[in-house]
Amino acid sequence: MIVRSFCSITTIFFGILLITVLFFETVMAADITSSVIVTLTPAPPSGLSVSTISLSALNLTWTDNSSNEDGFSIERKTGVSGTYAEIATTSANIATYSDTGLTASTAYFYKVRAFNTDGYSAYSNEASSTTSAPSDGGSSGGGGGGGGGSGSSATAVIFQGKAYPGSDVTLLKDAQVVATVKAGPDANFQISLTGLFPGTYTFGVWAEDTKGNRSITHTFTLSITGGVTNTVSGIFLPPTIAIDKKEVKKGDVITIFGQSAPEAQVSIFINSEEEIIKKTPADTSGLWLYKFDTSEIDFGDHSTRARSAKDADISVYSNSLAFKVGSRNVLSDPVSRCPRKGDLNSDCRVNLVDFSVAAYWWKRPLTKKALTTIDTKLFPDGKIDLRDFSIMAYHWTG
C-alpha cells in the first residue's frame, strides 16, 4: 500500500515537472522569437548650427550621422518660452534647411532628428539665432548652439523669389532634389545651398500649391564662383492652373483656377483659332479663378495656360491644359500630386530613372505593353523621340 502510494505521488510529481518544463520552454521560445525583432532607427544628427540670413530668414545646417534615414524632421519654437512643433522635413542626406517668412528681431530655437520607417532618432543639440533687425539691413550673422555657421570663405548660393503662400518649394541641382522649404504667407521663399565646389550647375525650382497642383520646373544654369556667396534673386514661379471640366458643352462655363503670389494679376490665355486673353486678380492668399464662357469659341480641341504679373515682374507661362468643347460636360480628373506626364515608373516623380526607361526605347518599336505603360505618359505616337524627352523635361521633378 505504501509502495503504491509512493508510485502515485512520484507519477504526479513527474507529471507536474513535465508540465512546468514544457511551460518554460514555451515562454523561452516566445522570448527568443521576440528578441530577434530588431528596429533600426537612424543615428541622431549632431552639430546643429543656425545662422542669420536676413530680416525673415535663418539657415540651419547639421551633421548627418546615419546611413539609413528617410529624411530629417525640423522642429522650431519662438523664444525661450515657446513650444516646439515640426515645421518641415528634408529628404535623405539633406542636412541643411532655410527657414523663411520669419519675424525680424526675433529669437528662434531649433532641434532636428532623423527618421525612417522604424521611427525617429534622438534629437540633435538645440541651436538658436535671432533674425536681423530692420536697421541693420538683414546682413548680420548669428551663431547657433552647435558651432559656427558656414564662414565667409564658403561657396554658397542663395535662391530668392516668389511662389505661393505656404507652398512647398523644391530646389533641384543637376536634376536631383537638394532642398525643400516652405514659402511664407507673402509667397516669398529663400533657399541657401552651401558646400558647393566652383563650377557650372543646372538648378531647377518648382512648387506645389495648397490644392496639390504643381508648377512647372523653372530651370537655369549658373557658374558658381568659389569662396563667395552667390545670390539668385527675382525668381517668380508662374501660377498653377487647373480646370473643372475636360469636356464642356458649348455655351456653358469652364472654370479655370489656380494659385499665384498674393494680389498678382493673372492673365489667362485660351488657345483657339485666335488667342483669347482674359485677366483676373489673385486674392490675398494667392487664389485666383476665372469663369470662361465657351460660346466665344468653336467646337473642338482647345487649351489654356496662364502667367502672373506683380510689382513690375512677369512670370513665365504655366503648363498648358487641354479641354474640348462639345455637346456634353465631363468633369476633370481629381487632382493628383503625381506629374500628369513623364512619370514612366509610376513613382510620382520625373527624373533620371524615367529618362533611362525612355532612352531604352529610343527609336525602337514599342511593344503592346509599352504602349499602355509608356506611350500614354508621353507623346502618344507609338515611338520615343525628342518630343517625348521634351515632355519629360517640362514635367521634371528630380
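Note: the structure precedes this text.
Structural notes, computed from the coordinates.

What counts, and where the lines are drawn
- Residues numbered from 1 in each chain as written.
- Predicted model: local features only at pLDDT ≥ 70, side-chain atom pairs only at ≥ 80, totals over all residues.
- Heavy atoms only, no water.
- Salt bridge = Lys/Arg side-chain N within 4 Å of Asp/Glu carboxyl O.
- Helix = DSSP H or I, 4+ residues; strand = E, 2+ residues; numbered from the N terminus.
- Buried < 20%, exposed > 50% of the residue type's maximum accessible area, 1.4 Å probe, protein only.
- Phe/Tyr/Trp six-rings, centres within 6.5 Å; stacked < 30°, edge-to-face > 60°.
- Lys NZ or Arg CZ within 6 Å of the ring centre and 35° of its normal.

1. Describing the pattern of salt bridges
Here's step 1: Tallied over the entire structure, the rule returns 8 salt bridges.
Here's step 2: In this structure, the salt-bridge partner of K182 is D168, at a minimum N-O distance of 2.8 Å. Of the two residues, K182 sits in strand β11 (residues 176–182) while D168 sits in strand β10 (residues 168–173), which places them 14 residues apart along the sequence.
Here's step 3: D168 sits in the partly exposed class, given a relative accessible area of 33%.
Here's step 4: The salt bridge partner of K278 is E296, with a shortest N-O separation of 3.3 Å. Within this pair, whereas K278 is found in strand β20 (residues 276–281), its partner E296 is found in the loop between β21 (287–293) and β22 (300–310), the two being separated by 18 residues in sequence.
Here's step 5: Using a relative accessible area of 19% as the deciding quantity, one classes K278 as buried.
Here's step 6: Overall, E296 belongs to the partly exposed group, its relative accessible area being 41%.

2. Topic: unusual backbone geometry
Here's step 1: Phi at N93 is positive, roughly 70°, even though this residue is not glycine.
Here's step 2: Tracing the chain through its elements places N93 in the loop between β4 (85–91) and β5 (96–99).
Here's step 3: Look at A187: it is not a glycine, yet its phi comes out positive at around 75°.
Here's step 4: Locating A187 in the fold gives a position in the loop between β11 and β12 (188–194).

3. Topic: the packing of aromatic side chains
Any pair of aromatic rings gets described here by the distance separating the centres and the angle formed by the planes.
Here's step 1: The final tally for this structure, using the stated rule, is 7 aromatic pairs.
Here's step 2: Ring centres of F269 and Y317 lie 5.2 Å apart, and the angle between their planes is 75°; on these two criteria the pair is classed as edge-to-face. Taken together, the residues F269 in strand β19 (residues 265–271) and Y317 in the loop between β23 (313–314) and β24 (321–326) connect sequence positions 48 residues apart.
Here's step 3: Take Y317: its relative accessible area is 26%, and that puts it in the partly exposed class.
Here's step 4: An aromatic cluster is built from F159, Y201, F203 and F220, whose rings are joined through pairwise contacts.
Here's step 5: Directly above the ring of F109 sits K77, whose terminal nitrogen or CZ lies 5.4 Å from the centroid.

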